[in-house]
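Per-entry structural report
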Amino acid sequence: MKVARFHAPGDIRIEDAPEPVAGPGELKIRVRNCSTCGTDAKILKFGHHHIRPPRVMGHEIAGEVVDTGERVQVIAAIPCGTCPECRRGRLTVCPNQESMGYHYDGGFAEYMVIPAKVLAVNGVNAIPPGVGFAEASVAEPLACVLNGQSLARVGAGDDVVVMGAGPIGCLHVRLARARGAARVFLVDVNAQRLAMASELVRPDAAIDADPVEQVLKLTGGRGADVVITAAASGAAQEQAVRMAARQARISFFGGLPKDDPLVTLDSNLVHYRELTIVGANGSSPAHNAEALRLVASGDVVVSDLITHRLPLPQVLDGIDLVSRGAAIKVTIEP
């Protein structure tokens, strides 16, 4: 079979590999879709400390169980299920967490084996009728978005700002509307990407310059109830605090580069406005299941966010499209 393997930064190869064999407690699937994301672009450029090459990449996975034909979606982040955090229900911050496409071979392959650890934490979800494989693969990033908005308590009547108009930002806009937000504003410094995203998700305003000033103007000087930084930008995090309304919630959804993780915040704004700043780290198996339900119900539409469908040999083209911001969501069909 064909696979896309990471060997070193700048070196992902399309290779022939023997078809894998499932061991005890494992599950073999025929991959139908594995979508790409910004993390794949980072891995291509820099590698990742959890990846010991060679490793088959891909973590937004949907396919068919070989033995039964059941259509399934697979989690990316694998909590251990037994540590003190997992026992407290805090699966997203499991210190022993592993990931598909990092610790285990991922979905940029025709076939793959799902580890027993994934099944042990209910990490394989049946795809509901009417949901395609491509849409099901997007349930994984939507699950991460769901975790972030749950922590930030996005709800009815909120004015929400989403900073970053990539695929994650688009999903945040769609989910915020599904959760009852009054208005959703989308911010991006890349005017071309902002225009492409806005055409699809139709925010109440699209902002490509002076975001703090523009948000304050749009809200009559009050500020936003929720600000989500769906971009790896320290500047966006600093701006988020300045555009937040009293008792607002701020989600630092996008992590910063490890060599530049520090930001400067006005602590008095946090203090006197009673702001809440929350992180967001991936998703739990339950978030994945809920994301599939949201897609199946039509509450969060994802099909139109898939702008490119490419065969496995073109996976590098797909990652390049993501890197340049020339696509919203790129899915690979092995």
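Only a predicted model underlies this, so the values are computations on that prediction, with no experimental measurement involved.

Attention now moves to the overall build of the chain. In terms of helices and strands, the chain carries 12 helices and 18 strands. Rg of the C-alpha trace for the chain: 20 Å, near the compact-globule value of 20 Å for 334 residues, within the 12% margin. Referenced to the eigenvectors of the C-alpha coordinate spread, the extents of the chain come out at roughly 60 × 45 × 40 Å. Each of the 334 residues in the chain was classed as buried or not, and the buried ones make up 52%. Between the mean site of the 33 positive side-chain charges and the mean site of the 36 negative ones, the chain shows a separation of 3 Å.

Next up on the list: the pattern of salt bridges. Taken as a whole, this structure holds 21 salt bridges when the rule is applied. Note that Arg55 is salt-bridged to Asp105, the shortest N-O span being 2.9 Å. With Arg55 in strand E4 (residues 55–56) and Asp105 in the loop between strand E8 (98–99) and strand E9 (111–114), this residue pair connects regions lying 50 residues apart in the sequence. Its relative accessible area of 15% is what places Arg55 among the buried residues. The salt bridge partner of Arg249 is Asp158, with a shortest N-O separation of 2.8 Å. In this pair, Arg249 sits in strand E15 (residues 244–252) while Asp158 sits in the loop between helix H5 (139–151) and strand E11 (159–163), placing the two residues 91 residues apart along the sequence. We classify Arg249 as buried; its relative accessible area is 9%. Asp158 sits in the buried class, given a relative accessible area of 8%.

This part covers the pairing of strand E3 (residues 27–35). E3 sits mainly inside the fold: seven of its nine residues count as buried. As paired strands, E3 and E9 are joined by four bridges and run antiparallel to one another. Bridge assignment links Arg30 to a residue of E9, and that residue is Tyr111. The pairing of E3 with strand E18 (residues 329–333) spans two bridges and is antiparallel. Opposite Ser35, over in E18, you have Thr331 as the bridge partner.

In this section: the packing of aromatic side chains. One pass over the full model with this rule turns up zero aromatic pairs. Above the plane of the ring of Tyr111 lies Arg30, whose end atom (NZ or CZ) is 5.4 Å from the centre. We note Arg71 situated over the ring of Phe133; from NZ or CZ to the ring centre the distance is 5.2 Å.

Sheet architecture is open: three strands sit in the order E2-E1-E4, paired in antiparallel fashion. At either end of the open sheet lies a strand with only one pairing partner, and these are strand E2 (11–16) and E4. Relative to E2, strand E1 (residues 2–8) is paired through six bridges, and the arrangement is antiparallel. Within E2, the residue paired with Arg5 across the bridge is Arg13.

On the UniProt side, "domain: Alcohol dehydrogenase-like N-terminal" (unreviewed entry) is annotated at positions that read residues 23–119 here. Annotated as 18% helix and 30% strand, the span residues 23–119 places its first and last C-alpha atoms 13 Å apart.

On to the environment of Arg179. Mapped onto the fold, Arg179 is located in the loop between helix H6 (167–178) and strand E12 (183–187). The class of Arg179 is partly exposed, set by a relative accessible area of 27%. As a C-alpha pair, Arg179 and Arg273 span 94 residues in sequence and 24 Å in three-dimensional space. Among residues more than four places away in sequence, those in contact with Arg179 are Leu146, Gln149, Ser150, Val154, Gly155 and Ala156.

The next thing to look at is the packing of H5 against H6. Packed helices, taken two at a time, are described by their axes: the angle between them and the distance between them. Taken N-terminus to C-terminus, the directions of H5 and H6 make an angle of 55°; their axes are 10 Å apart at the nearest point. Between H5 and H6, the angle falls in the class oblique. In this structure, H5 crosses over H6, and the sense of that crossing is right-handed. For the pair formed by H5 and H6, the contact residues are Pro141, Leu142, Val145, Leu146 and Gln149 on the first element and Ile168, Leu171, His172, Leu175 and Ala176 on the second.

Rules and cut-offs
The numbering scheme is per chain: residues are counted from 1 as the chain's sequence reads. Side-chain atom pairs in this predicted model are given and counted only at pLDDT of 80 or more, local residue features only at pLDDT of at least 70, and totals for whole chains, interfaces and linings cover all residues. Water and hydrogen atoms were dropped before computing side-chain values, which therefore reflect all heavy atoms in the structure. Helix and strand definitions follow DSSP, with helices as H or I runs of at least four residues and strands as E runs of at least two, each counted in order from the N terminus. As defined in this context, the radius of gyration uses C-alpha atoms, and a globule is described by 2.2 Å times the residue total to the power 0.38. Exposed residues in this analysis have more than 50% of their type's maximum accessible area, buried residues have under 20%, and partly exposed residues fall in between, with area computed by a 1.4 Å probe over protein chains only. In summary, the charge assignment counts Lys and Arg as positive and Asp and Glu as negative, without counting His or the chain termini. Lysine's charge is taken at NZ, arginine's at CZ, aspartate's at CG and glutamate's at CD. What makes a salt bridge here is a side-chain nitrogen of Lys or Arg within 4 Å of a carboxyl oxygen of Asp or Glu, nothing more. Pairing between two strands is assigned when DSSP locates at least 2 bridges connecting them. Pairing of aromatic side chains here covers Phe, Tyr and the six-membered ring of Trp, requires ring centres within 6.5 Å, and sorts the geometry by plane angle: under 30 degrees stacked, over 60 edge-to-face, intermediate tilted. Geometrically, a charge over a ring is one whose NZ (Lys) or CZ (Arg) sits within 6 Å of the ring centre while staying within 35 degrees of the ring normal. UniProt positions are given in the numbering used here, feature names are shortened, and annotations may be inferred rather than shown by experiment. The contact criterion used is simple: two residues touch if any of their non-hydrogen atoms lie within 4.5 Å. A fitted line through C-alpha atoms serves as each axis, taken over the contacting stretch for helices, and the angle formed by two N-to-C directions is quoted from 0 to 180°. Angular relationships are summarised with four words: roughly parallel below 35 degrees, roughly antiparallel beyond 145, roughly perpendicular across 65 to 115, and oblique for the angles in between. Each crossing gets its handedness from the near helix: less than a right angle anticlockwise from the far helix is left-handed, clockwise is right-handed.

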